[in-house]
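Fold and geometry: a report
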Amino acid sequence: MKDLRTERKRKREENNRLFILDAAEDVFAQKGYTLATMDDIAKKAQFSKATLYRYFEGKRDILFEIVLNSFEEATQGLRKIAGKKVSAKKKLKEIIRFVLKHFQKKKNISRVFLMERSLINVLFQSNPEEHRPFTEEEKKFLDEIRRKKEEMLGLLCRVFEEGISAGEFRNTDSRDAAHAFEAMFHGFYFTKFWYENEYSLESATRLIHEFFFYGIRNIDE
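Residues numbered from 1 in each chain as written. Predicted model: local features only at pLDDT ≥ 70, side-chain atom pairs only at ≥ 80, totals over all residues. Heavy atoms only, no water.

Here the second largest pocket defines a volume of roughly 310 Å³. Split into classes, the residues belonging to the lining of the second largest pocket amount to eight nonpolar, one polar and two charged. (1 Å grid on protein atoms, 1.4 Å probe; cavity = no way out; pocket = protein on both sides within 12 Å on 5 of 7 lines; lining within 4 Å. Points joined across faces, edges and corners; volume = space filled by probe spheres on them. Nonpolar A, V, L, I, M, F, W, Y, C, P; charged D, E, K, R; others polar.)

Let us look at helix α5 (residues 88–105). Taking 1.5 Å per residue as the helical rise, α5 with its 18 residues ought to reach 26 Å, and the 25 Å between its terminal C-alpha atoms agrees with that figure. Of the residues making up α5, those classed as buried are A88, K91, L92, I95, I96, V99, L100, H102 and F103. Down the axis of α5, the smallest arc covering the buried residues is 165°, so these residues share one side. Exposed residues lying more than 90 degrees from the buried face of α5 are K101 and K105. (Helix = DSSP H or I, 4+ residues; strand = E, 2+ residues; numbered from the N terminus. Expected span 1.5 Å × (residues − 1). Buried < 20%, exposed > 50% of the residue type's maximum accessible area, 1.4 Å probe, protein only. Arc of directions from axis to C-beta.)

This paragraph deals with the confidence of the model for the protein chain. Where the model shows low pLDDT, its predicted coordinates should not be examined in detail. For the protein chain, mean pLDDT is 84; residues scoring 70 or higher make up 85% of the total. When mean pLDDT is taken per element in the protein chain, helix α2 (residues 38–45) scores highest with 95 and helix α7 (residues 117–123) scores lowest with 59. (pLDDT = per-residue confidence, 0-100.)

Describing two packed helices takes the angle between their axes plus the distance from one axis to the other. Relative orientation of the contacting elements α5 and helix α10 (residues 201–214) amounts to 135°, with a least axis distance of 9 Å. Between α5 and α10, the angle is such that the two are oblique. Crossing of α5 against α10: the hand is right-handed. Here α5 contributes K89, L92, K93, I96, R97, L100 and K101 to the contact with α10, which in turn contributes L201, E202, A204, T205, I208, H209, F212, F213 and Y214. Residue composition of the contact of α5 with α10, grouped by class: nine nonpolar, two polar and five charged. (Axes fitted to C-alpha atoms, helices over the stretch in contact; angles between N-to-C directions. Parallel < 35°, antiparallel > 145°, perpendicular 65-115°, else oblique. Left-handed = near helix turned anticlockwise from the far one by under 90°. Contact = heavy atoms within 4.5 Å.)

By the secondary structure assignment, L21 is in helix α1 (residues 4–31). Taking C-alpha positions, L21 is 9.9 Å from N69, a pair spaced 48 residues apart along the chain. Excluding residues that lie within four positions of it along the chain, L21 makes contacts with F56, I62, E65, I66 and N69.

Before going further, it helps to examine a positive patch on the surface. A cluster of basic residues, R5, R8, K9, R12 and R54, forms a positive patch at the surface. Top element by residues in the positive patch is α1. It accounts for four residues. Summarising the element assignment, K9 is placed in helix α1. (Patch = residues over 30% accessible without salt bridge, like charges linked within 9 Å, V, L, I, M, F, W, Y side chains within 5 Å. Areas by Shrake-Rupley, 256 points an atom, 1.4 Å probe, with all protein chains shown as cover. Salt bridge = Lys/Arg side-chain N within 4 Å of Asp/Glu carboxyl O. Lys, Arg positive; Asp, Glu negative; His and termini not counted. Charge placed at Lys NZ, Arg CZ, Asp CG, Glu CD.)

Let us look at the packing of aromatic side chains. The way to describe two aromatic rings as a pair is by their centre distance and the angle between their planes. Enumeration over the complete set of coordinates arrives at 11 aromatic pairs. Between F213 and Y214, the aromatic rings sit 4.9 Å apart at their centres with planes inclined by 85°, giving edge-to-face as the arrangement. Looking at F213, the relative accessible area reads 24%, which means it is partly exposed. Taken together, the aromatic side chains of F103, F160, F169, F181, F185, F212, F213 and Y214 make up a single cluster linked through ring pairs. A cation over an aromatic ring shows up here: K59 above the ring of Y33, its NZ or CZ 4.6 Å from the ring centre. (Phe/Tyr/Trp six-rings, centres within 6.5 Å; stacked < 30°, edge-to-face > 60°. Lys NZ or Arg CZ within 6 Å of the ring centre and 35° of its normal.)

What follows is the structure, given as C-alpha cells:
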C-alpha cells in the first residue's frame, strides 16, 4: 500500500525546490549572479533563508541546478522531435522552433551568463582571474553539461543522417552539420540581445531554417 504521507511530503519538497529555483532565476536576472544573495532569493520565494539551506548549499548550487534542469528539458524536447515519423526537413524546422521557444522561456538565465564572466569561465574551463582549479562541484556540473550536450548533438546528427539517407540533405558529415547548425543558432539568438530588432517566434524559425537549409546561394543560378 502506498504511503500517502510520504508521497505528500515528497511532492511538497519538490514544489518547494521549484519555487526556490523560479525565484532565483528572477533574482539573478534582476541583480546579476554576483550581487544576488541567498537573502534576496529567500525574500523572493517567501521562504526563510534556513529553508533555502535545507534544499541547497548556496546560490551556486541553485544556479547549477537551474542550468542542468534547462539542459534536461531541452534534451527531452529534442528526443521527442527526433523520434517523430516525419521528414528530416520538418524535424529540423520543429527543432528550431522548439529551441527558440525554450531559449525565450529561459532568457533570464541567458542574460545572467552574458553578464557574468566568472560563470563563462567555469563553462569554458577557463578561470584566469581566479587562478584556482575547479572544485569537485564545478567538475561534476561540467561533466553533466558535457554529457547532456553530447546527447543533444547526437540527436541532431541522427536527424541530419536521416535527411542524408532520404536524399533531403546533401551528403555531408552529420557531426559537422550539427556543429554548424548549433553555432548558427546560438549566434543568432545571443546577438539579438544587442539589437533593437525583435523577431517573432515564427519569423525567427523561418529565417534560421531557410538560411541553414538553403544558404544564400541564388537557386536560379
